[in-house]
Amino acid sequence: MENITEKIFEEATEAIVEGKAEKAVELAKRGIDEGIDPLVLMEKGFIPGINKVGDLFETGRLFLPALIYSATAMEKATEIINAAIPSEKELVSAKVVLGTVQGDVHDIGKTIVVSLFKANGFDVLDLGRDVPIARFIEEAEKFGADIIGSSTLLTTTMVGQKELEQQLKKAGLREKYKTIIGGAPVTQRWANRIGADAYAQDAGDGVRKVKELLMDKN
């Protein structure tokens, strides 16, 4: 069983790197049929693949068309895995709105975050990428969100995270929501500077930080 599991992890990683959506879906289903915990399958099989894709893209060894194929493969696998999360994991009754700020069309990292948040039982509304700041607030209000998370991979669009904090204050809603920020150029120092409630270094850290924020909120 261990060898089969490791082989599925390896093939899942390869499917994402090679941008093979059908193969990724097949492996997600096979892993679940083999009894692998969906969250473990995501963490050890698919996430290493999308992380490698991100590294290859950043270093110029992989180009945009291939990046899109890989992102699609990741999204398709994520759908299968999220559907297989046991209902008892829905114990964390919290609503989270997530999106990549306006001007930034990168969303691979945010897609991973969405996946892990759902796997940990959060009710997540994914706004996608290039999201206007006003829409974060509008959708949080409609969704009944507890937490608003914003991501950016560009230093030029980090200001959007600051604007979100300012717009929440202006609308008299800052105390209503907890905010968390993340993305490659983002740091704890930036979070402190703009007044965000938390900074997440990666998806796993994001899950931990959101749970802490919810404890504080309650």
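Since the structure is predicted, the reported quantities are computational estimates derived from the model, not experimental observations. Per chain, residue numbering runs from 1 following the sequence as it is written. Only residues with pLDDT of at least 70 are given local features in this predicted model, and only at 80 or more are side-chain atom pairs given and counted; all residues enter the totals for whole chains, interfaces and linings. Only hydrogens and water are set aside; all other atoms, that is, all heavy atoms of the structure, feed into the side-chain values.

(A) Just the environment of Ile-85, in detail. For the purposes of this entry, the term helix denotes a DSSP run of H or I that reaches at least four residues, the term strand denotes a run of E that reaches at least two, and both are numbered from the N terminus. Secondary-structure assignment places Ile-85 in the loop between helix H4 (64-83) and strand S1 (95-100). Owing to a relative accessible area of 12%, Ile-85 belongs among the buried residues under this scheme. For the pair Ile-85 and Asp-37, spaced 48 residues apart in sequence, the C-alpha to C-alpha distance is 8.3 Å. Residue burial is assigned from relative accessible area. The probe radius is 1.4 Å, only protein chains are included, and a residue is buried under 20% of its type maximum, exposed over 50%, and partly exposed in between.

(B) Expanded view of the side chain of Asp-104. The topology assignment puts Asp-104 in the loop between S1 and helix H5 (108-119). Counted as a polar contact is a pair of N or O atoms within 3.5 Å, where, for protein atoms, one must be capable of donating a hydrogen and the other of accepting one, and residues adjacent in sequence contribute only when both atoms are in side chains. A polar side-chain atom of Asp-104 sits 3.0 Å from a polar atom in the side chain of Thr-152. Of note is the side chain of Asp-104, whose polar atom sits 2.6 Å from the backbone nitrogen of Leu-153. Contact definition: two residues touch when any of their heavy atoms are within 4.5 Å. Excluding anything up to four places from it in sequence, Asp-104 contacts Arg-129, Asp-130, Thr-152, Leu-153, Leu-154 and Thr-157.

(C) Representation of the sheet that holds strand S4 (residues 178-182) within the structure. Only strands that DSSP links by at least two bridges are regarded as paired with each other. Judged by pairing direction, the sheet is parallel, and its 5 strands sit side by side in the order S2-S1-S3-S4-S5 without closing on themselves. What marks the edges here is a single partner per strand, and that holds for strand S2 (123-126) and strand S5 (198-200). Here the strands of the sheet are splayed against their neighbours by 25° on average, with no regard to which way each runs. Direction of pairing for S1 relative to S2: parallel, over a ladder of 4 bridges. Paired with Val-96 across the two strands is Val-124, which belongs to S2. Against the sheet, helix H6 (residues 133-143) touches S1, S2 and strand S3 (147-151), its axis set at about 160° to S1. Lines fitted to C-alpha atoms define the axes, with helix axes restricted to the stretch in contact, and inter-axis angles between N-to-C directions lie between 0 and 180 degrees. The strands touched by helix H7 (residues 159-170) within the sheet are S3 and S4, with S3 carrying the most contacts at an inclination of about 155°.

(D) The arrangement of the layout of surface pockets in detail. If you add up the space inside the largest pocket, you get close to 1,100 Å³. Looking at the largest pocket, it is lined by 43 residues, and the ones nearest its centre are Ile-108, Gly-109, Lys-110, Ile-112 and Leu-153. Along the lines of polarity and charge, the residues of the lining of the largest pocket split into 22 nonpolar, 13 polar and 8 charged. For each structure, a 1 Å grid was placed over the protein atoms alone; sets of points admitting a 1.4 Å probe that cannot get out are labelled cavities, open sets with protein on both sides within 12 Å along at least five of seven lines are labelled pockets, and lining residues have an atom within 4 Å of a point. Around the second largest pocket sit Glu-75, Thr-78, Glu-79, Asn-82, Asp-107, Lys-110, Thr-111, Val-114, Lys-118 and Asp-126, which together line it. Going through the elements one at a time, H4 and H5 are the ones with two or more residues in the lining of the second largest pocket. Grid points are joined across faces, edges and corners, and a volume is the space filled by probe spheres set on the points. Residues are grouped as follows: Ala, Val, Leu, Ile, Met, Phe, Trp, Tyr, Cys and Pro are nonpolar; Asp, Glu, Lys and Arg are charged; every other residue, Gly included, is polar.

Such coordinate-based values are descriptive only and should not be taken to indicate function.
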